Amino acid sequence: DAKTTQPNSMESNEEEPVHLPCNHSTISGTDYIHWYRQLPSQGPEYVIHGLTSNVNNRMASLAIAEDRKSSTLILHRATLRDAAVYYCILRDVWGQGAQKLVFGQGTRLTINP
Amino acid sequence: NAGVTQTPKFRILKIGQSMTLQCTQDMNHNYMYWYRQDPGMGLKLIYYSVGAGITDKGEVPNGYNVSRSTTEDFPLRLELAAPSQTSVYFCASIAGREMNTEAFFGQGTRLTVV
């Protein structure tokens, strides 16, 4: 199984950028890197994904290392609403062709006002 | 679209009771999943389904059963509730095989077994 490693927790200040790292040294060539976040008392929600190139959307940016063994989720201006647990996931295929979404511990992001 | 809807939101069960957690999605997604999340932990996969009539075990299937008679619904059954099944349960769906599509999650069912 491809696995990811993330810091258990990070802290930042409101309106400052946040860089959330993820290591995935055993990634295969076809694994997509996905990020989800889980706000308190809610289900996970999709943030962003990428394969090789850096990606931007309205929520965040994803920077992928050239060797794809690590990636960084970037929140450009954190708000209090961004306080959540962030999960870095490698999409893989399981039995019967189903996609595997394996969640690790994630990074708990605290935003200080 | 409502997305993924789970019912009930909260439930307290006594040891040995049974219940069904309901999950329905209105996006015509083929793949559906059940996860459990214990306090302070990540999500663990219980069962998944790749389409109506097809289900398979995930990482922690013991004590649970599932069925998938329609594309929309994927209920999770607890036959003999145990305190170890106290957890928050999340249902999720994905459109298909493509790796670049997002997963949608329900709001969760918080289950306490006493």
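Novice: Quick one: what's the story with the overall build of chain B, residue by residue and with numbers?
Specialist: A tally of helices and strands in chain B yields 0 helices and 11 strands. Listed by position from the N terminus, the elements making up chain B come as β-β-β-β-β-β-β-β-β-β-β. In summary, chain B has a C-alpha radius of gyration of 13 Å against a globular reference of 13 Å for 114 residues, a match within 12%. If one aligns the C-alpha atoms of chain B with their principal axes, the spans along those axes are about 40 × 30 × 25 Å.

Novice: An account of the environment of Thr72 of chain A is requested, with residue identities and associated values reported.
Specialist: Residues and elements named next belong to chain A. Within the secondary structure, Thr72 is located in strand β7 (residues 70-75). Under the relative-accessibility criterion, Thr72 is labelled partly exposed at 22%. Sequence separation of Thr72 and Gln42 is 30 residues, and the distance between their C-alpha atoms is 23 Å. For Thr72, the residues in contact, after removing those within four places along its chain, are His19, Leu20, Pro21, Ser61, Leu62 and Ala63.

Novice: Account for the nonpolar core, naming residues and giving values.
Specialist: All names here are of chain A. Counting 21 residues, the largest nonpolar core has Trp35, Leu73 and Tyr86 as the members making the most contacts within it. With 4 residues, strand β8 (residues 84-93) is the single largest residue contributor to this core. Once you skip the residues sitting within four places of it in the chain, Leu73 turns out to touch Val18, His19, Leu20, Trp35, Val47, Ile48, Ala60, Ser61, Leu62 and Tyr86.

Novice: A description of the interface of chain B and chain A should follow, citing residues and the corresponding values.
Specialist: Where interface size is quoted, it is often the accessible area lost as the parts come together. Taken together, the 29 residues of chain B in the interface contact 24 residues of chain A. Taking both partners together, chain B and chain A bury about 2300 Å²; carbon and sulfur atoms supply 55% of that area. Counting the surface chain B buries against chain A, the share from its top three residues, Leu43, Met99 and Phe105 of chain B, is 26%. The tally of links between chain B and chain A comes to 0 salt bridges.

Novice: Account for the state of the cysteines, with residues named and values stated.
Specialist: All names here are of chain A. Scanning all chains against the criterion turns up 2 disulfides over all chains. Disulfide pairing is shown between Cys22 and Cys88; the S-S distance is 2.1 Å. The S-S bond linking Cys22 to Cys88 shows a torsion near -85°; that makes this disulfide left-handed. Here Cys22 is found in strand β2 (residues 18-23), whereas its partner Cys88 is found in strand β8, with 66 residues between them in sequence.

Novice: Talk me through the sheet that holds strand β6 (residues 61-64) of chain A; I want residue IDs and the actual numbers.
Specialist: Residues and elements named next belong to chain A. As summarised here, the arrangement of the 4 strands in space is β2-β7-β6-β5, forming an open sheet in which the pairing is antiparallel. One side of each edge strand has no neighbouring strand; the edge strands of this open sheet are β2 and β5 (55-56). Relative to β7, β6 runs antiparallel, the two being bridged by 4 bridges. Each bridged residue has a counterpart across the sheet, and for Ser61 the counterpart in β7 is Ile74.

Novice: Describe the sheet that holds strand β3 (residues 19-25) of chain B, naming the residues involved and giving the relevant values.
Specialist: Residues and elements named next belong to chain B. An order of β1-β3-β8-β7 is seen for the 4 strands of this open sheet, with the pairing classed as antiparallel. At either margin of the open sheet sits one strand with a lone partner, and together these are β1 (4-7) and β7 (64-66). Each strand axis lies, on average, 20° off the axis of its neighbour in the sheet, ignoring direction. Sheet analysis places β3 next to strand β8 (residues 76-78), joined by 3 bridges and oriented antiparallel. Residue Leu21 lies in a different strand from β8, and its bridge partner there is Leu76.

Novice: Lay out the pattern of salt bridges with the relevant residues and their values.
Specialist: Applying the stated rule across the entire model yields 5 salt bridges over all chains. Of the charged contacts in the structure, one is a salt bridge between Asp38 of chain B and Arg36 of chain B, with a shortest N-O distance of 2.8 Å. For Arg36 of chain B, a relative accessible area of 11% puts it in the buried group. Each member of the salt-bridge network shares a partner with another, and the members are Arg37, Glu45 and Asp82 of chain A.

Novice: Can you break down the packing of aromatic side chains residue by residue, with the values?
Specialist: Counted by the stated rule, this structure contains 10 aromatic pairs over all chains. Measuring from ring centre to ring centre gives 5.8 Å for Tyr36 of chain A and Tyr46 of chain A, while their planes differ by 75°; the resulting arrangement is edge-to-face. In this pair, Tyr36 of chain A sits in strand β3 (residues 32-38) while Tyr46 of chain A sits in strand β4 (residues 45-50), placing the two residues 10 residues apart along the sequence. Each member of the pair, Tyr36 of chain A as well as Tyr46 of chain A, is classed as buried. Taken together, the ring pairs in this structure connect Tyr36, Tyr46, Tyr87 and Phe103 of chain A together with Tyr33, Tyr35, Tyr48 and Phe105 of chain B into an aromatic cluster.

Cut-offs and rules
- Residues numbered from 1 in each chain as written.
- Chains lettered and ligands numbered in written order.
- Predicted model: local features only at pLDDT ≥ 70, side-chain atom pairs only at ≥ 80, totals over all residues.
- Heavy atoms only, no water.
- Helix = DSSP H or I, 4+ residues; strand = E, 2+ residues; numbered from the N terminus.
- Rg over C-alpha atoms; globule rule 2.2 N^0.38 Å.
- Buried < 20%, exposed > 50% of the residue type's maximum accessible area, 1.4 Å probe, protein only.
- Contact = heavy atoms within 4.5 Å.
- Core = buried A, V, L, I, M, F, W, Y, C linked by side-chain atoms within 4.5 Å.
- Buried area = accessible area lost by both parts, 1.4 Å probe.
- Salt bridge = Lys/Arg side-chain N within 4 Å of Asp/Glu carboxyl O.
- Disulfide = S-S within 2.5 Å.
- Pairing = 2+ DSSP bridges.
- Axes fitted to C-alpha atoms, helices over the stretch in contact; angles between N-to-C directions.
- Phe/Tyr/Trp six-rings, centres within 6.5 Å; stacked < 30°, edge-to-face > 60°.

All quantities given are derived from atomic positions and should not be read as evidence of function.
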